[in-house]
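As a plain string of letters, each chain reads:
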Amino acid sequence: MADLTTGTLGDTLRRNGVSRRGFLKFCTATASMMALPPSMVPVLAAALDNAQRPSVIWLSFQECTGCTESLTRSHTPTLESLIFDHISLDYHHTLQVASGHAAEAAREAAMQASAGKYLLVVDGSIPLGNPGFSTIAGVSNLQILEETAAGAAAVIAMGSCAAFGGLPKADPNPTGAVAVRDIVTDKPVINVSGCPPIPVVITGVLAHYLTFGTLPELDQYSRPKAFYGTSIHDRCYRRPFYDKGLFANTFDDEGAKKGWCLYKLGCKGPMTYNACATVKWNEGTSWPVESGHGCLGCSQPDFWDAGGFYNALSIPVGDISRTASYAVAAGVALGAAAAGINRKTKTEANRQHSTVTVDDLEKTS
Amino acid sequence: MNTLGPSPHPFEVSATADPGYHNSLPLLHEIAHALRLLRLKGTTTTLDLSAIPFGPGDERLLLECLGRGEVSAKLEALGDSHIWESAYPGVWVIEHRNSCGERIAFQVEITRLPSILETRLEDIEEGLLALQRALANLQTDKSV
Ligand code: SF4
Ligand code: SF4
């Protein structure tokens, strides 16, 4: 196997026997993956040819490993493997061979060798309730994050748990889970939300950093606009039915069979920003709405507490038809209205919130 | 009258096809607009189909409408790529697949010749050197 420890990405590709046409194909697919317009392919080709090899440290906290699963099962192995051959993934405790002290030594060595330059990727939320809730080598998640983020060039919060607290933060948030951005305030933090994020979005963000050495343009939640710039609803192929007021009322009625809009069945597409409607899942096979199920809103903050997955935008079941007819009449105002309703639901949820202590956990377990 | 021309266009075939979710129709208009630009100004356009919100049946309808012309090519680099001219000269479909056969990019290029098919100058230079070496070897073999 070629020595991949030095040189630019262009060198890596040439060492792997990639031809010039192959390189152009690689750039075309990468541009598509990064949601760049095809006219950017020559710029991308020049930048990729000279991309340096960054060190990446990947920390996993309160998470389910779904984000890593999503990435490693992504369906463009040639592209990913070329990119991952090129980055130096110096610490990832699920993927690395080393364990125990050797693993921690690898992290410390990478932090020293690339101080100020390495990219830190985090999946999972950080528990503040009790340091013992989640530790690595006996060290609390908070402490590891603080010390590793200190020397990082930038931090990528991978998945909704790292980006927004995710499922661990769901009411009543027993561990006091917080997002990376709540802890790391003096570094650029890029949120790649989703439960899990779309694999191509993960590699698209890594490829952007690798190519241009900068972070992409971000939205109000620090997510890359290229992937989170438009709502699921705005790019949904069922949108013409929504606009005509044609809704499925149950999962097996005539409307559902005809592929009508799933809004009344709880679709959160109107308030969810993600790339599912175009990038799709499983090698572009389909995505939840195409498979007949509404969007759960997994890339939005606190999606787990936004009412019920099958309630139309967090409205109690009894109000669904009224809300739907309002939505059809109000058109574009829907997003804002839904957000308002959602806030109300959350305030009620917060009121019910009670802190859970370790003693409480022990009592109930 | 010029009797040489492209094969009959397949649009008539698809007139009865399932219209899917109609997202392929605006795209066909965009392709027609780009073809006009190519004819008038020589401007080439590339459309990334993976950025289009296709519904079930949309892609099939688009490909049916475009049909296939007389040129098709296969590129074997990092997996197979299939490139073919549609029944509308100047409208090319390019499908890149990786070494596992999975699609990694899908484009319509409105151009005289897709850029991926053109031979790069560096390749020509390397090719020339290789050919000269091969000829020199042949001559040496002959003289032995
Ligand atoms: S509500 Fe959901 S199913 Fe309906 S158009 Fe919007 S995203 Fe698509
Ligand atoms: S459709 Fe919605 S819930 Fe499903 S993965 Fe995409 S953003 Fe998440």
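The preceding data block contains the structure.
Residues numbered from 1 in each chain as written. Chains lettered and ligands numbered in written order. Predicted model: local features only at pLDDT ≥ 70, side-chain atom pairs only at ≥ 80, totals over all residues. Heavy atoms only, no water.

**Topic: the overall build of chain A**
Inference 1: The helix and strand tally for chain A stands at 17 helices and nine strands.
Inference 2: Counting across all 365 residues of chain A, residues that qualify as buried make up 53%.
Inference 3: Long-range pairs, those at least 24 residues apart, make up 75% of the contacts in chain A with a sequence separation of at least 6.
Inference 4: Of the roughly 15600 Å² that chain A leaves accessible, carbon and sulfur atoms contribute 55%. (Helix = DSSP H or I, 4+ residues; strand = E, 2+ residues; numbered from the N terminus. Buried < 20%, exposed > 50% of the residue type's maximum accessible area, 1.4 Å probe, protein only. Contact = heavy atoms within 4.5 Å. Areas by Shrake-Rupley, 256 points an atom, 1.4 Å probe, with all protein chains shown as cover.)

**Concerning the sheet that holds strand E2 (residues 88–92) of chain A**
Residue and element names in this part refer to chain A.
Inference 1: Taking strand neighbours across the sheet as the criterion, the five strands line up as E2-E1-E3-E7-E9 in an open arrangement whose pairing is parallel. Each edge of the open sheet is held by one strand with a lone partner, namely E2 and strand E9 (189–192). In this sheet, adjacent strand axes meet at a mean angle of 20° when their direction is disregarded.
Inference 2: Contacts from helix H10 (residues 199–212) reach strand E3 (118–123), strand E7 (152–158) and E9 within the one sheet, and its direction differs from that of E7 by about 170°. (Pairing = 2+ DSSP bridges. Axes fitted to C-alpha atoms, helices over the stretch in contact; angles between N-to-C directions.)

**Focus on the site of ligand 1**
Residues and elements named next belong to chain A.
Inference 1: His 233, Cys 236, Cys 261, Leu 262 and Cys 267 are the nearest of the 13 residues found near ligand 1.
Inference 2: When atom positions are compared with the pocket grids, ligand 1 is found to occupy the largest cavity.
Inference 3: A breakdown of the residues in the shell around ligand 1 according to their chemical character gives nine nonpolar, two polar and two charged. (Near = heavy atom within 4 Å. 1 Å grid on protein atoms, 1.4 Å probe; cavity = no way out; pocket = protein on both sides within 12 Å on 5 of 7 lines; lining within 4 Å. Sits in = over half its atoms within 2 Å of the grid points. Nonpolar A, V, L, I, M, F, W, Y, C, P; charged D, E, K, R; others polar.)

**Focus: the sheet that holds strand E1 (residues 45–48) of chain B**
By definition, the strands of a sheet pair up through backbone hydrogen bonds, in either a parallel or an antiparallel sense.
Inference 1: The sheet built from five strands is open, its strands ordered E1-E5-E4-E3-E2 (chain B) with antiparallel pairing. Both edges of this open sheet fall to E1 and strand E2 (72–76) of chain B, since each of them pairs with a single strand only. Neighbour-to-neighbour, the strand axes of this sheet turn through a mean angle of 20°, independent of strand direction.
Inference 2: Contacts from helix H2 (residues 20–33) of chain A reach E1, E2, strand E3 (80–85), strand E4 (91–97) and strand E5 (103–110) of chain B, with the element oriented near 95° to E5(B).

**Observations regarding the pattern of salt bridges**
Side chains that carry opposite charge are capable of pairing whenever their charged atoms lie near each other.
Inference 1: Scanning the entire structure with this criterion turns up 17 salt bridges over all chains.
Inference 2: A salt bridge links Arg223(A) to Asp219(A), with the shortest nitrogen-to-oxygen separation between them at 3.0 Å.
Inference 3: The exposure class of Asp219(A) is buried, given its relative accessible area of 16%.
Inference 4: With its nearest N and O atoms 3.2 Å apart, the salt bridge here joins Arg60(B) to Glu64(B). Residue Arg60(B) and its partner Glu64(B) are both found in helix H3 (residues 58–66); the two are separated by four residues, about one turn of the helix.
Inference 5: Ionic contacts of the salt-bridge type, sharing partners, join the residues Glu59(B), Glu95(B), Arg97(B) and Arg103(B) into one network. (Salt bridge = Lys/Arg side-chain N within 4 Å of Asp/Glu carboxyl O.)

**Here we look at the site of ligand 2**
Inference 1: Lining the immediate environment of ligand 2, one finds Thr272(A), Asn274(A), Cys276(A), Trp281(A), Pro288(A), Cys295(A), Leu296(A), Gly297(A) and Cys298(A).
Inference 2: Residues that form the shell around ligand 2 fall into these classes: six nonpolar, three polar and no charged.

**Some remarks on the environment of Ile94(B)**
All names here are of chain B.
Inference 1: As for its placement among the helices and strands, Ile 94 is situated in strand E4.
Inference 2: Spatially, the C-alpha atom of Ile 94 lies 4.5 Å from that of Ile 83, the residues being eleven residues apart in sequence.
Inference 3: Setting aside its immediate chain neighbours within four residues, Ile 94 contacts His 82, Ile 83, Ala 105, Phe 106, Gln 107, Glu 109 and Pro 114.

**Concerning empty space enclosed by the protein**
All names here are of chain A.
Inference 1: Scanning the model with the defined rule gives five cavities of 30 Å³ or more in all.
Inference 2: Size it by volume and the largest cavity reaches roughly 90 Å³.
Inference 3: Surrounding the largest cavity, 13 residues form its lining, His 233, Cys 236, Cys 261, Leu 262 and Cys 267 being those nearest its centre.
Inference 4: The residue makeup of the lining of the largest cavity, split by class, is nine nonpolar, two polar and two charged. (Points joined across faces, edges and corners; volume = space filled by probe spheres on them.)

**Some thoughts on the interface of chain A and chain B**
Inference 1: Each partner contributes to the interface: chain A provides 28 residues, whereas chain B provides 36 residues.
Inference 2: Summing both partners gives a buried area of about 2600 Å² for chain A against chain B, and 58% of it is carried by carbon and sulfur.
Inference 3: Ranking the residues of chain A by area buried against chain B places Arg20(A), Arg21(A) and Lys25(A) at the top, with a combined share of 30%.
Inference 4: Run the count over chain A and chain B and you get two salt bridges.
Inference 5: At the boundary of chain A and chain B, one finds 14 residue pairs in polar contact (both at pLDDT 80 or more).
Inference 6: Going through the elements one at a time, H2, helix H5 (77–86) and helix H14 (276–279) of chain A are the ones with two or more residues in the side of chain A that touches chain B.
Inference 7: The element contributing the most residues to the side of chain A that touches chain B is H2(A), with nine residues.
Inference 8: Its residues placed into classes, the side of chain A that touches chain B shows eleven nonpolar, nine polar and eight charged. (Buried area = accessible area lost by both parts, 1.4 Å probe. Polar contact = N/O pair within 3.5 Å; in protein donor to acceptor, adjacent residues only side chain to side chain.)

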